[in-house]
Amino acid sequence: MKYWIVVIALGLVTSSCLKKIEGVDTLNTNIFDKEYAGDCWFYIDDAYSYYNDFGFPRVMIKAVLPEENAPGLQSYLIYITCRVNNQQEVLFNSYLNTSGDYTFFYDAAPETSNEYCLEAGIYLQDEDTTINRFTLCTQP
Amino acid sequence: MKHKVTPGRFVILTALCWCALLFLCPANTAAQNTGVVKFLVDNQNGYFEILVDDTLLIKRYKDTLTAGPHKAEIWSYGYDVKEVEFMVVPDTTVELYVKLDRSTAYMAYEQSYHNYRQKFHKSVTLPVSLTLSMGITAGVFMLNGYDLKRQITADINEYALTPQASEIALLKASIESNNRKYTICRYGYYVSGGLTLVGIATSLYTGLKFRSDNEEPTYSRSSPFETRSSFYIGPGGFQFIYRIG
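Let me begin by describing the structure that accompanies this report.

**A closer look at the sheet that holds strand E4 (residues 62-66) of chain B**
Residues and elements named next belong to chain B.
Turning to step 1, where the next piece is worked out: Pairing is mixed in the open sheet, where three strands are placed in the order E4-E1-E7. Only two strands of the sheet have a single partner each, and these edge strands are E4 and strand E7 (93-99). With strand direction ignored, the average angle separating the axes of adjacent strands in the sheet is 30°.
Turning to step 2, where the next piece is worked out: Pairing analysis gives five bridges linking strand E1 (residues 34-42) to E4, with the strands arranged antiparallel. Across the sheet, Val 36 pairs through a bridge with Thr 64, a residue of E4.

**Observations concerning the interface of chain A and chain B**
Turning to step 1, where the next piece is worked out: Contacts between chain A and chain B engage 30 residues on the former and 31 residues on the latter.
Turning to step 2, where the next piece is worked out: If you sort the residues of chain A by the area they bury against chain B, Leu 18, Ile 21 and Leu 27 of chain A come out on top, with a joint share of 29%.
Turning to step 3, where the next piece is worked out: Lys 172 of chain B is the partner of Glu 35 of chain A in a salt bridge, and the nearest nitrogen-oxygen pair spans 2.5 Å.
Turning to step 4, where the next piece is worked out: The interface formed by chain A and chain B includes twelve residue pairs in polar contact (both at pLDDT 80 or more).
Turning to step 5, where the next piece is worked out: It is helix H1 (residues 2-15) of chain A that contributes the most residues to the side of chain A that touches chain B, seven residues altogether.
Turning to step 6, where the next piece is worked out: Across the side of chain A that touches chain B, the residue classes break down as 14 nonpolar, eight polar and eight charged.

**Let's talk about the nonpolar core**
Grouped burial of nonpolar side chains is what soluble globular proteins tend to show.
Turning to step 1, where the next piece is worked out: Core analysis: the largest hydrophobic core is formed by 43 residues, its most contacted members being Ile 31, Trp 41, Ile 61, Leu 65, Phe 104 and Leu 118 of chain A.
Turning to step 2, where the next piece is worked out: Contributions of two or more residues to this core are made by strand E1 (43-51), strand E2 (57-65), strand E3 (78-84), strand E5 (102-108) and strand E6 (116-124) of chain A together with helix H2 (104-161) and helix H3 (165-213) of chain B.
Turning to step 3, where the next piece is worked out: Here this core takes seven residues from H3 of chain B, the largest share from any one element.
Turning to step 4, where the next piece is worked out: With 18 residues, the next largest nonpolar core counts Leu 65, Val 84, Val 88 and Leu 96 of chain B among its residues.

**Looking at the pattern of salt bridges**
Turning to step 1, where the next piece is worked out: The full count for this structure, using the stated rule, is 16 salt bridges over all chains.
Turning to step 2, where the next piece is worked out: Across the pair Arg 133 of chain A and Glu 119 of chain A runs a salt bridge, and its minimum N-O distance is 3.0 Å. Of this pair, Arg 133 of chain A sits in strand E7 (residues 129-138) while Glu 119 of chain A sits in strand E6, and the two are 14 residues apart along the sequence.
Turning to step 3, where the next piece is worked out: In this structure, Lys 38 of chain B and Glu 95 of chain B form a salt bridge, with 3.8 Å as the shortest nitrogen-oxygen distance. Linking Lys 38 of chain B in strand E1 with Glu 95 of chain B in strand E7, this pair joins segments that are 57 residues apart in sequence.
Turning to step 4, where the next piece is worked out: Assessed through its relative accessible area of 23%, Lys 38 of chain B is described here as partly exposed.
Turning to step 5, where the next piece is worked out: Three or more residues are tied together by salt bridges with common partners; here these are Arg 83, Glu 89, Glu 119 and Arg 133 of chain A.

Definitions and cut-offs
- Residues numbered from 1 in each chain as written.
- Chains lettered and ligands numbered in written order.
- Predicted model: local features only at pLDDT ≥ 70, side-chain atom pairs only at ≥ 80, totals over all residues.
- Heavy atoms only, no water.
- Pairing = 2+ DSSP bridges.
- Helix = DSSP H or I, 4+ residues; strand = E, 2+ residues; numbered from the N terminus.
- Axes fitted to C-alpha atoms, helices over the stretch in contact; angles between N-to-C directions.
- Contact = heavy atoms within 4.5 Å.
- Buried area = accessible area lost by both parts, 1.4 Å probe.
- Salt bridge = Lys/Arg side-chain N within 4 Å of Asp/Glu carboxyl O.
- Polar contact = N/O pair within 3.5 Å; in protein donor to acceptor, adjacent residues only side chain to side chain.
- Nonpolar A, V, L, I, M, F, W, Y, C, P; charged D, E, K, R; others polar.
- Core = buried A, V, L, I, M, F, W, Y, C linked by side-chain atoms within 4.5 Å.
- Buried < 20%, exposed > 50% of the residue type's maximum accessible area, 1.4 Å probe, protein only.

What is shown is where atoms sit, not what they do.
Structure follows, in structure tokens:
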């Protein structure tokens, strides 16, 4: 009887080895991956109107790339291209802030619709291209 | 039947040994009345015992005997006892070729042992060998699989931390390639591991069944002359065996 118990135990041990590796089929979570398939990797933290030093009205859009969307990239300088509505696209380089997130801004001209849609993408220096563009809209 | 040797018996036995030594030693024998006989025993195991004139048991091929007619019974395990008669001529060496015949009982034993071993190989050796080879195969698949798994896991971790698109592409290609190999190792491991388990179960079943259904044949090697006294002088010393009772 004890022999069969050993055989069954061996069977259980054997079947528990070499499981399928988790994460192989979902290698699309890195925002630097051209095949990124996750959700929008940033959120708009704030949007407000203000007057600049020359007395012109402006709208500041503050967006954040949260730490959880870029795990392990702390202290890395990342480049983000931003554009609000159809205004000029700018390249913003963002450093890690104290909360572990990356914050970036877009200084937009006021729109009559008062709706500001921020389109941001990850800029790849080596290839001089922007990938993983997402758009979020807000009102100041 | 064996007796405990008391001091008195020991003295008697020692005296008997010396007597036998003096009696049988060629240097103390009247040379003109003796001759040498050489037994050329033809058997396969090289061992034999010779009972000369139903009194003297020797286990060597050559001995000095008194001149005249003699009778010898020659035995080796696995062979029938063979009786020969020969004449010892003074100061001459007589060569006596004796071919022993296999005993029927030994041949039956050999046949039954052969059958036993065949069954043993069929019931134990074959399933155990196959199980072992399957186990080794499973082990090889498992080791390769673990190596690949470690590599893939490291690459996945690196993927999450890599800010370079080109490096990410390389990592993904490496992960995909290694994962393909890993899948082969997994299936190989499960198939060979499963066959190993089946093999273990089969080996256990056939082995236990073989043990319960079969008994290893045995053959007695006891000599028909074991109750006789024997005397032997060799390069390392001499031996005198005298059985009491």
